[in-house]
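# Commentary on secondary and tertiary structure
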Amino acid sequence: MPEDSKLLLPLRALDVFGSLWIRIFSFLGGIIWMLWGVFKLLCDAFIFRRVRFGKAAFMTQIVRIGVRSIGIVCLVCGCIGLILAVQMQPPLAEFGQADKIANIVGVAVLRELGPLIAAIVLTGFAGASIAAELGTMVVGEEIEALHSQALNPIRFLVMPRILATVLSLTLLTIIGDVIAIIAACFVTVQFLGVPFDVYMDNTLSQVVLADFTTGLMKAAVFGMILAAVACHNGLKVSGGAAGVGKATTDTVVQTILTIVIVDMIFTLVFYQFGWT
């Protein structure tokens, strides 16, 4: 290998490493700046009463993001509850503890799987749709038309979607938790030989309010991340139809990765505070 090439290798590695962190900080900076804009608009709407909150746009997004996602979230969470119960029965039965399926399912679903599964499902169902919709508006110069009329796209396009996603994912998590526990209860009682009374007693004795509230906290943050990433990628689309497709793909990948990392941080923080 020529001497010049050996000298260039560390520089190329440094260039790749630096470019990666520049993209990461650019992504995080764009998300934070957009969320700050939404926060200021919320203060103007509800505290200072300077702007009007668009209830019609908010309700439209609630139906589009939340109501239409109920079926798929229930289906996935129900399957997760069933799988958990069936997979845990053999190892627990070896120690005569098959009835402890209820304890494990209750804690795992409420703390972790409920908000995480609902967020991942909603990422594919609504997150990609939001990015594609806003990206198409950018390509069609509709965003420029809003700017030309002195209308803030954050207020009219981003804020309703973020608020609707946060509320929808929180409520979907509650529904998903209930469905997963019911599905696990059904398969455990009907096919795994655990009496219904024992299952319910174990669930109620194991699950505490902190399990439920920490799961809802995660769901609200996951919803904010999902909508913020989708809106950010949609509004920075360039390159026509190909750019819209890239924004949609990036939204799904970035959202799931960010949610998993934030979930890990939540778990560590809750563990340190003794909320686990």
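Above: the structure in question.
Below, the structure is looked at part by part.

Right, let's talk about the overall build of the protein for a bit. A count of helices and strands for the protein gives nine helices and zero strands. Its helices and strands taken in sequence order, the protein reads α-α-α-α-α-α-α-α-α from the N to the C terminus. The principal-axis extents of the C-alpha atoms in the protein amount to approximately 65 × 65 × 35 Å. Counting the 276 residues in the protein, one finds 41% classified as buried. The contacts in the protein between residues at least 6 apart in sequence include a share of 83% that link residues at least 24 apart. Working note: accessible area of the protein is about 14800 Å², and carbon and sulfur atoms make up 71% of it.

The full count for this structure, using the stated rule, is seven aromatic pairs. Aromatic side chains phenylalanine 46 and phenylalanine 53 sit 5.1 Å apart centroid to centroid with 45 degrees between the ring planes, which places their arrangement in the tilted category. For phenylalanine 46, a relative accessible area of 44% puts it in the partly exposed group. When the ring centre of phenylalanine 48 is taken as reference, the NZ or CZ atom of arginine 50 above it lies at 4.5 Å.

This next bit is on the nonpolar core. In this structure, Ile101, Val105, Leu122, Val158, Leu169, Tyr199 and Phe222 are the most contacted members of the largest nonpolar core, which totals 65 residues. Only α1 (3–46), α2 (55–66), α3 (70–94), α4 (101–139), α5 (142–148), α6 (153–191), α8 (209–235) and α9 (241–272) provide two or more residues apiece to this core. Those residues in contact with valine 105 that sit more than four places away from it in its chain are Leu84, Met88, Ala184 and Tyr199.

Our next topic: unusual backbone geometry. Phi at glutamate 141 takes a positive value of approximately 60 degrees, unusual for a residue other than glycine. Tracing the backbone shows glutamate 141 in the loop between α4 and α5. Taking the relative accessible area as the measure of exposure, glutamate 141 reaches 49% and is therefore partly exposed. The backbone phi angle of alanine 150 is positive, close to 60 degrees, even though this residue is not glycine. Secondary-structure assignment places alanine 150 in the loop between α5 and α6. Classification of alanine 150 by relative accessible area gives exposed; the value is 71%.

Moving on to the environment of valine 244. Here valine 244 shows up in helix α9. Note: C-alpha distance between valine 244 and leucine 171 (73 residues apart in sequence) is 29 Å. When residues no more than four places from it in sequence are discounted, the contact partners of valine 244 are Ala132, Gly135, Thr136, Val139 and Val237.

With that out of the way, let us pick up α6. Here α6 spans 54 Å end to end across 39 residues, near enough to the 57 Å set by a 1.5 Å rise per residue. In the structure, α6 departs most strongly from a straight axis at methionine 159, where the bend amounts to approximately 35 degrees and where the proline proline 160 lies between one and four residues downstream. Taking the backbone nitrogen of isoleucine 154 as reference, a side-chain oxygen 3.0 Å away marks asparagine 152 as the first, capping residue of α6.

Applying the stated criterion to the full structure yields zero disulfides. With no disulfide of its own, cysteine 77 has cysteine 74 as its nearest cysteine by sulfur position, at a separation of 7.2 Å. We classify cysteine 77 as buried; its relative accessible area is 4%. We note that cysteine 185 lacks a disulfide partner, and the nearest cysteine sulfur, in cysteine 77, lies 16 Å from it. What makes cysteine 185 buried here is its relative accessible area of 10%.

Together, Met217, Leu257, Ile261, Met264, Ile265, Leu268, Val269, Phe273 and Trp275 make up an exposed nonpolar region whose accessible area comes to about 890 Å². Considering each element in turn, the nonpolar patch owes the most residues, six residues, to α9. Along the chain, isoleucine 261 falls in helix α9.

Viewed as axis vectors pointing N to C, α3 and α6 meet at an angle of 40 degrees, and their least axial separation amounts to 7 Å. When the axis of α3 is compared with that of α6, the two are oblique. Our pair here, α3 against α6, has a crossing hand that is right-handed. In this structure, α3 uses Ile70, Val73, Cys74, Cys77, Gly78, Gly81, Leu82, Ala85 and Val86 to contact α6, whose residues at the interface are Leu172, Ile175, Gly176, Ile179, Ala180, Ala183, Ala184, Val187 and Thr188. Taken together, the residues that form the contact of α3 with α6 break down as 14 nonpolar, four polar and no charged.

About the thresholds
- Residues numbered from 1 in each chain as written.
- Predicted model: local features only at pLDDT ≥ 70, side-chain atom pairs only at ≥ 80, totals over all residues.
- Heavy atoms only, no water.
- Helix = DSSP H or I, 4+ residues; strand = E, 2+ residues; numbered from the N terminus.
- Buried < 20%, exposed > 50% of the residue type's maximum accessible area, 1.4 Å probe, protein only.
- Contact = heavy atoms within 4.5 Å.
- Areas by Shrake-Rupley, 256 points an atom, 1.4 Å probe, with all protein chains shown as cover.
- Phe/Tyr/Trp six-rings, centres within 6.5 Å; stacked < 30°, edge-to-face > 60°.
- Lys NZ or Arg CZ within 6 Å of the ring centre and 35° of its normal.
- Core = buried A, V, L, I, M, F, W, Y, C linked by side-chain atoms within 4.5 Å.
- Expected span 1.5 Å × (residues − 1).
- Bend = angle between axes of the 7 residues up to and from the residue.
- Polar contact = N/O pair within 3.5 Å; in protein donor to acceptor, adjacent residues only side chain to side chain.
- Disulfide = S-S within 2.5 Å.
- Patch = residues over 30% accessible without salt bridge, like charges linked within 9 Å, V, L, I, M, F, W, Y side chains within 5 Å.
- Salt bridge = Lys/Arg side-chain N within 4 Å of Asp/Glu carboxyl O.
- Axes fitted to C-alpha atoms, helices over the stretch in contact; angles between N-to-C directions.
- Parallel < 35°, antiparallel > 145°, perpendicular 65-115°, else oblique.
- Left-handed = near helix turned anticlockwise from the far one by under 90°.
- Nonpolar A, V, L, I, M, F, W, Y, C, P; charged D, E, K, R; others polar.

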